[in-house]
Amino acid sequence: MARSRQAFGEGFALLAECLLTGVWLLLAALPVVTIPAALAAASRHVAAYVDGESTGWGGFWADFRTAWGASWRTGLALVGAGLLVTLNLLVLAQEGVPGRPGFALATFIVAGLAATVLLRAAAAWAPGTRWRSLLAASLAETRGDASGTAILLGGLAVLVACAWALWLLVVPMSGCLVGAAVAVRRRRIAREAEERRV
């Protein structure tokens, strides 16, 4: 019983930390072009918390500044991709466009997979790493780790549903999504280590 209470307390504390991280993440991501850097700093914060390392507001912003210096090109590419997806959906919203449902579904799937690649790259970021290498590795992981990709796509779907129902829920759900990205990365690393031992 004591162990169950301790596990519940640890899980609840992690949830609270993810919710707080969601606030910091959205503040850092307000300019939009800073989204990759914000996700990277948030992922580092959650990972450090799980590892029992000293982490807080100052560490988050230090990581954010470091990540921003290397990720601004990725941020610009993200803005361009977002504008392209928005334009595509605006065109598909018009009456008379042939195959609208299929093209809309394909647009959402591609956007979701691209977001999954970005989340994986952010979860793997460390100072000094190149975003091009992170994104290439994350693309391969997205293809090779179907269950992890499904988890992240499910998290993205929940985030979108929460935003549609009540936009304020985006704040806590963003932190939870970052936590999911960190968990998916660690699960994959643990599985690969186990396979090497076997």
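Per an unreviewed UniProt entry, the protein chain goes by DUF624 domain-containing protein and derives from Glycomyces tritici.

Taken together, Leu20, Val23, Leu27, Leu30 and Trp57 make up a surface patch of nonpolar side chains, about 480 Å² in accessible area. Looking at the nonpolar patch, the element that brings in the most residues is helix α1 (residues 2–29), giving three residues. For Leu27, the position within the fold is in helix α1.

Further remarks concern the pattern of salt bridges. Scanning all chains against the criterion turns up eight salt bridges. One salt bridge connects Asp51 with Arg186, and the closest N-O pair in it is separated by 2.8 Å. On the criterion of sequence distance, the pair formed by Asp51 in the loop between α2 (35–50) and α3 (57–92) and Arg186 in helix α7 (residues 170–197) is long-range, its members being 135 residues apart. Among the ionic contacts, a cluster of salt bridges with common partners joins Arg120, Glu141, Asp145, Arg187, Arg188, Arg191 and Glu192.

With that settled, the discussion passes to the side chain of Thr21. Within the secondary structure, Thr21 is located in helix α1. Those residues in contact with Thr21, other than ones at most four positions away along the chain, are Ala42, His45, Val46 and Gly175.

This part takes up the nonpolar core. Among the nonpolar cores identified, the biggest contains 33 residues, and Leu39, Phe60, Phe64 and Trp131 are the most heavily contacted of them. Among the elements that line this core, the one with the most residues is α2, at eight residues.

What follows is about the packing of aromatic side chains. Enumeration over the complete set of coordinates arrives at five aromatic pairs. Taken together, a centroid distance of 5.6 Å and an interplanar angle of 80° make the contact between Trp24 and Trp57 edge-to-face. With Trp24 in helix α1 and Trp57 in helix α3, this residue pair connects regions lying 33 residues apart in the sequence. Exposure remark for Trp24: the relative accessible area of 8% places this residue in the buried category. Overall, Trp57 belongs to the partly exposed group, its relative accessible area being 47%.

Definitions and limits used
Residues numbered from 1 in each chain as written. Predicted model: local features only at pLDDT ≥ 70, side-chain atom pairs only at ≥ 80, totals over all residues. Heavy atoms only, no water. Patch = residues over 30% accessible without salt bridge, like charges linked within 9 Å, V, L, I, M, F, W, Y side chains within 5 Å. Areas by Shrake-Rupley, 256 points an atom, 1.4 Å probe, with all protein chains shown as cover. Salt bridge = Lys/Arg side-chain N within 4 Å of Asp/Glu carboxyl O. Helix = DSSP H or I, 4+ residues; strand = E, 2+ residues; numbered from the N terminus. Contact = heavy atoms within 4.5 Å. Core = buried A, V, L, I, M, F, W, Y, C linked by side-chain atoms within 4.5 Å. Buried < 20%, exposed > 50% of the residue type's maximum accessible area, 1.4 Å probe, protein only. Phe/Tyr/Trp six-rings, centres within 6.5 Å; stacked < 30°, edge-to-face > 60°.

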